Amino acid sequence: MTEDCIVFEVTGEHAHFRKPHTTSPAMTYGLPPRTTVAGMVAAVLGLPRDSYYNDFDRESSRIAVSLESPVRRLSMAVNILNTEGSDAKTKGAKPGKHFRGNRQQNVFEYLCEPKYRLYVSLENEELMDQLEDKLSAGKSTYALSLGLSEHLAWYDYLGRFEIESGEGKKSIRSALPGDDLTIIPEPDAEYVSERMPAFMRAQEDGRVADGSQKITYDRSGTNIDVRDESYSIVGGDPVVFS
């Protein structure tokens, strides 16, 4: 696998990374899952839907996410409008027409003014070069969003850096993947652990989840001290890849 890493920050007014087991209210993860980061990279590169999962599998990619702003959550009622046209199951739906009956109102949980630093390392050198070219030029094939399409995002490219390895006691900037962590507790820390989707696999009729991972972070956005962990240094930042 390549020994360098592309780093960029994404931010927006709101974000929603839906927890699939929630309905109403539709709750959100505090960080973008690994699959969402892969989707953001695919949007920048303009990769076709369901075509890039092999480039982001366990053996071919390394990804880390750092929380750069405190997690603030807001619940809001949203009117859902069916726009599926002739394929909709809603009675009376017509091709090219919105359904004009009663709307369904759901409660969504949003993240306010989120900011994340993303670390992406792919085995596919061609994709790495294309990503570097796009980000350094301030371009993206498709508009970036933070979970839902209406939550548009913008990015700042920070650079492409070599990956250095380390092990032992360290203050880690990124969220920590894994179940057995050697965290050194801090009295004012606000640790959050969430199990998130991590990998996808393409199949004939679309895609299917292919694994999850437990992610731990401090909701205030501060580093987490660990006693004995393997980590990487990227552009001076201590991170743990998944």
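Scroll up to find the structure this text is about.
Thresholds applied
- The residue numbering used here restarts from 1 in each chain and proceeds along that chain's sequence as written.
- Predicted model: local features are reported for residues with pLDDT of at least 70 only, side-chain atom pairs are reported and counted for 80 or more only, and whole-chain, interface and lining totals are derived from all residues.
- As a rule here, side-chain values come from all non-hydrogen atoms in the structure, and water together with hydrogens is ignored.
- To qualify as a helix, a DSSP run of H or I must reach at least 4 residues; to qualify as a strand, a run of E must reach at least 2; elements of each kind are numbered from the N terminus.
- Remark: exposure states derive from per-residue accessible area (1.4 Å probe, protein chains only) relative to the maximum for the residue type, with buried under 20%, exposed over 50%, and partly exposed in between.
- What makes two residues a contact is simply this: any of their non-hydrogen atoms within 4.5 Å.
- Here, Shrake-Rupley sampling with a 1.4 Å probe gives the accessible areas, and only protein chains in the shown set may cover a residue.
- Any two strands with at least two DSSP bridges between them are considered paired.
- Residues are said to line a cavity or pocket when one of their atoms sits within 4 Å of a point; the points come from a 1 Å grid over protein atoms alone, cavities being sets where a 1.4 Å probe fits but cannot get out and pockets being open sets with protein on both sides within 12 Å along at least five of seven lines.
- Grid points are joined across faces, edges and corners, and a volume is the space filled by probe spheres set on the points.
- Lys, Arg, Asp and Glu make up the charged group, whereas Ala, Val, Leu, Ile, Met, Phe, Trp, Tyr, Cys and Pro make up the nonpolar group; the residues left over, Gly among them, are polar.

Visitor: With reference to specific residues and values, describe the overall build of the protein.
Guide: Summing up its helical and strand segments, the protein has two helices and 14 strands in all. In terms of principal-axis extent, the alpha carbons of the protein reach across some 60 × 45 × 30 Å. When burial is assessed residue by residue, the protein has 43% of its 242 residues classed as buried. At a minimum sequence separation of 6, the contacts of the protein that also span at least 24 residues come to 79%. Total accessible area on the protein is roughly 12,900 Å²; 45% of this is exposed by carbon and sulfur atoms.

Visitor: Can you explain the sheet that holds strand β2 (residues 14-15)? Please cite residues and give values.
Guide: Note on sheets: strands pair through backbone hydrogen bonds, and any given pair is parallel or antiparallel. The three strands are arranged β2-β5-β4 in an open sheet whose pairing can be described as antiparallel. In the strand order of this sheet, the two ends are held by β2 and β4 (73-80), each with one partner. Bridge count between β2 and strand β5 (residues 104-112): two bridges; the pairing is antiparallel. By the bridge assignment, Ala15 is partnered in β5 with Leu111.

Visitor: Got a sec to walk through the layout of surface pockets? Specific residues and values, please.
Guide: In this approach, a probe sized like a water molecule rolls over the atoms, and the result shows the empty space that is left. Volume-wise, the largest pocket comes out at about 850 Å³. Around the largest pocket, the lining comprises 32 residues; the ones closest to its centre are Thr35, Thr36, Gly39, Tyr52 and Arg207. In terms of residues, the lining of the largest pocket owes the most to one element, helix α1 (residues 34-45), which gives eight residues. Here the lining of the largest pocket is composed, by residue class, of 21 nonpolar, six polar and five charged.

Keep in mind these numbers describe shape, not what the thing actually does.
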